[in-house]
Amino acid sequence: MSALRIWAMVLRYWYLLRRSIPRLLDLFYWPAVNVVLWGFLSQFLASNSSFVAKAGGVLLAGMFLWDVMFRSQLGVSVGFLEEVWSRNLGHMFVSPLRAHEWLASLMIVSIFRTFLGLAPAVLIAMVMYHFSLFDLGLPLAGFLANLMIMGWWLALLIVAAIMRYGQGAENLAWAAAFVLSPISAIYYPVAVLPGWLQYVALALPGAHVFEGMRGVMVDHVFRPGLLMNAAALNLVYLALSGLVFLWAFANARKRGALLQLGE
Amino acid sequence: MLPNILHESTQKIITVEALTKNFGAEAAVDGISFTVAEGSVTGLLGGNGAGKTTTIAMLLGLLIPTSGSITVLGADMVRHRHRALPFMNFASPYIDLPHRLTVTENLAVYAGLYLVDQPRQRIAELAEALDFIPLLQRDYGSLSAGQKTRVALAKALINRPRLLLLDEPTASLDPDSADRIRLYLQEYAHTTGATMLIASHNMIEVERLCGDLLIMRRGHIVDRGTPQGLIERYGRQTLEEVFLDIARAEPIVPDESRARL
């Protein structure tokens, strides 16, 4: 693995981002709109719901953390789509760039995009609603890391699907996170879900993260076990999605899809 | 014209054996074998659908063959292509560079991927040699087709490749620009000893650049030889007439006169 090649690809995405006002606005726009929406809703519910009143900001924290997962996933999958849209995959993969170096660059860019995009929203929440995500304390680092990784493995599956099924599958980049959101227990406990669906939810790292987040915010207890569960699940899913990606990449080389994608 | 050094060198840069690529039931490339000697400039000719692009994609490792073997610069391109890729490069008008990056940014990214020493100096050299200094700060997407061809060629030369694969290297260029590019390629091959494999429909270009020609038809290599040798063998005046003979009908070529593929 070459750090210099990874850096070259990071620069490639930075060049694209810094000169594109629509892409920069896209980074900031949705988190900012979301925080305003969920902030007002939280204020309303705080005076009408004992659960929200007990833990001010629990909805906003859920929104922020889920957005971390979503932005992390978008950072990787849209980075891949940028190459498809510019029909650059052929040039990339006749260079010495290896698939895992490219993925590493996409992950680095996704971290940068996520935090750049969320920073203004975090400030808005502080100023308008007196809510600071940093009140979660040290566990916040664990929550963020797990959700970033969840975003990456989800993105790998999406990229694999696009390589296998073509650009018809590109909507997955935006839709996949929404499919997972109801069963990730972002805004309500896992116990609210029907019994069988609870098993599905607990098979996802996100549900453990959000249970952990509510533990800190509502019960004022940090449960490391939940974080460990999330980390273990993430490791398994990251490994599996990596294998799926490699299979899809090899399959694309068999079918000549690296030359055809984007046409 | 470049000297034909094919037979002066024994080092094979490319060795292809019984290479086949099937797409479904159809064979795009059907059991071809050939070698390309170090320092030679070889043309890959054939009509649309002859299998040229598929062959080049397999040589680059972008496409995995159905069967057969490809060795490039000593590396098995199916299993160990990353051993050869740093020393190769490729340009095609049919594969783009990112449109929203400037020419300099695009070349800087590829200089980084090939770990080029002093990338700024290399980009400046290529911009001067290929006559696109005024384009360096322009978005790649805003360039004309001919300008893109020159920049794509610069990308292909960024790592000073030992093996250069070119698909239609002067497509979309006006005669003056095309002539400059050919001159540059001739000089590059001559001064560096690089090997080139050029797929082209431009017979003037092929005659001028290539000392050796591989002619493909329907997934097979149907003939091989020097441009002049082929013209004489087919009893024609020009290479274009030879090309038409082969494209339109099965040529009658005495077995003993065929060069070893």
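Just so we're clear, the structure is a prediction, and the values are computed from it rather than from any experiment.

## So, the overall build of chain A
- When you go through chain A residue by residue, the secondary structure sums to twelve helices and zero strands.
- Going from N to C terminus, chain A has its helices and strands arranged as α-α-α-α-α-α-α-α-α-α-α-α.
- Relative to the 2.2 N^0.38 estimate, which gives 18 Å for 263 residues, the radius of gyration of chain A is 19 Å and therefore close to what a compact globule would have.
- If you line up chain A on its principal axes, its C-alpha atoms span 60 × 40 × 30 Å.
- Buried positions account for 46% of the 263 residues belonging to chain A.
- Within chain A, contacts between residues separated by at least 24 positions form 75% of all contacts whose residues are at least 6 apart in sequence.

## A word on the interface of chain B and chain A
- With 24 residues of chain B at the contact, the number on the chain A side is 27 residues.
- Of all elements in the fold, only α1 (52-60) and α3 (103-113) of chain B reach the threshold of two or more residues within the side of chain B that touches chain A.
- Class assignment for the residues of the side of chain B that touches chain A results in 17 nonpolar, three polar and four charged.

## Describing the sheet that holds strand β10 (residues 220-225) of chain B
Residues and elements named next belong to chain B.
- Strand order in the open sheet formed by six strands is β6-β7-β8-β3-β9-β10, with mixed pairing between adjacent strands. Every interior strand has two partners, whereas the edge strands, β6 (88-91) and β10, have only one. Across the sheet, the mean angle separating the axes of adjacent strands is 15 degrees when strand polarity is ignored.
- Summarising the sheet, β6 and strand β7 (residues 163-167) pair through four bridges and their orientation is parallel. Directly across from Phe 90, in β7, lies its bridge partner Leu 165.
- Contacting β3 (41-46), β9 (212-217) and β10, helix α9 (residues 239-248) runs over the sheet at an angle of about 25 degrees to β9.

## Re the sheet that holds strand β4 (residues 67-72) of chain B
Residue and element names in this part refer to chain B.
- Strands sit in the order β2-β1-β4-β5 across an open sheet of four strands; the sheet is antiparallel. Each edge of the sheet is formed by a strand with only one pairing partner; in this case those strands are β2 (26-37) and β5 (75-76).
- Across two bridges, the pairing between β4 and β5 is antiparallel. For Val 72, the partnering residue across the bridge sits in β5 and is Ala 75.
- Against the sheet, α1 engages β1 (12-23), β2 and β4, with an angle of about 120 degrees to β1.

## Examining α1(B)
Residues and elements named next belong to chain B.
- A large share of α1 lies buried, amounting to nine of its nine residues.
- Regarding α1, the residues found buried are Lys 52, Thr 53, Thr 54, Thr 55, Ile 56, Ala 57, Met 58, Leu 59 and Leu 60.
- Positive backbone phi, at 85 degrees, marks Gly 61, one or two positions downstream of α1.

## A closer look at the packing of helix α5 (residues 145-157) of chain B against helix α6 (residues 175-192) of chain B
Residues and elements named next belong to chain B.
- Viewed as axis vectors pointing N to C, α5 and α6 meet at an angle of 10 degrees, and their least axial separation amounts to 11 Å. One finds that α5 runs roughly parallel with respect to α6. Here Gly 146, Arg 150, Leu 153 and Leu 157 of α5 lie close against α6, whose contacting residues are Ser 177, Ile 181 and Tyr 188.
- Taken together, the residues that form the contact of α5 with α6 break down as four nonpolar, two polar and one charged.

## Some remarks on the nonpolar core
- Of all hydrophobic cores here, the largest spans 160 residues; its most connected members are A:Leu65, B:Val72 and B:Leu165.
- Contacts of B:Val72, omitting those with residues within four sequence positions, involve B:Ile13, B:Ile14, B:Leu59, B:Met77, B:Ala84, B:Met88 and B:Leu163.

## Points about the packing of helix α8 (residues 227-234) of chain B against α9(B)
All names here are of chain B.
- Put simply, α8 and α9 touch, their axes get as near as 9 Å, and they point 60 degrees apart. The angle between α8 and α9 falls in the class oblique. In terms of crossing hand, the pair formed by α8 and α9 is left-handed. Contact residues: α8 offers Pro 227, Leu 230, Ile 231 and Tyr 234, while α9 offers Leu 239, Val 242 and Asp 245.
- Tallied by class, residues from the contact of α8 with α9 come to six nonpolar, no polar and one charged.

## Focus: the pairing of β2(B)
All names here are of chain B.
- As defined by bridge partners, β1 adjoins β2 across nine bridges and the pair is classed as antiparallel. Its bridge partner being in β2, Asn 22 is matched across the sheet by Ala 27.
- Between β1 and the antiparallel strand that follows it, β2, lie two residues; Gly 24 among them carries a positive phi value of about 65 degrees.

## Some words on the confidence of the model for chain B
Residue and element names in this part refer to chain B.
- Of the residues in chain B, 91% have a pLDDT of 70 or more, and the chain-wide mean is 87.
- Taken element by element, chain B is modelled with least confidence in α9, mean pLDDT 84, and with most confidence in α3, mean pLDDT 96.
- Within the model, pLDDT remains below 50 along residues 1-9, and this stretch shows 21 contacts once partners closer than five positions in the same chain are excluded.
- Predicted confidence is poor over residues 251-261, with pLDDT under 50, and the contacts of this stretch with residues over four places away or in other chains come to 14 contacts.
- The ipTM for the predicted assembly is 0.83, set against a pTM of 0.85.

About the criteria used
- Every chain is numbered independently, its residues counted from 1 as its sequence is written.
- Ligands are numbered from 1 and chains lettered from A, in the order in which they are written.
- Thresholds applied to this predicted model are a pLDDT of at least 70 for local features of residues and 80 or more for the giving and counting of side-chain atom pairs; totals over whole chains, interfaces and linings are not thresholded and use all residues.
- Secondary structure elements are taken from DSSP: a helix is a run of H or I of four residues or more, a strand is a run of E of two residues or more, and numbering for both begins at the N terminus.
- In this treatment the radius of gyration is a C-alpha quantity, and the globule benchmark scales as 2.2 Å times the residue count to the 0.38 power.
- The exposure scheme places C-beta atoms from the backbone and then counts, for each residue, the other C-beta atoms within 10 Å of its own, assigning buried at 20 or more, exposed at 12 or fewer, and partly exposed in between.
- Contact between residues is assigned whenever the C-beta positions, reconstructed from backbone atoms, fall within 7 Å.
- Following the grouping adopted for this structure description, the nonpolar residues are Ala, Val, Leu, Ile, Met, Phe, Trp, Tyr, Cys and Pro, the charged ones are Asp, Glu, Lys and Arg, and the polar ones are all others, Gly among them.
- For two strands to pair, DSSP has to find at least two bridges joining them.
- Note on geometry: axes are C-alpha line fits, over the in-contact stretch for helices, and angles between N-to-C directions span 0 to 180 degrees.
- Just so you know how the angles are binned, under 35 degrees is roughly parallel, over 145 roughly antiparallel, 65 to 115 roughly perpendicular, and the rest oblique.
- In these notes, a nonpolar core means any group of buried Ala, Val, Leu, Ile, Met, Phe, Trp, Tyr and Cys residues linked to one another through C-beta atoms within 7 Å.
- In this scheme the handedness of a crossing depends on how the near helix is turned from the far one: anticlockwise by less than a right angle means left-handed, clockwise means right-handed.
- Every residue is assigned a pLDDT by the predictor, reflecting its confidence on a scale from 0 to 100.

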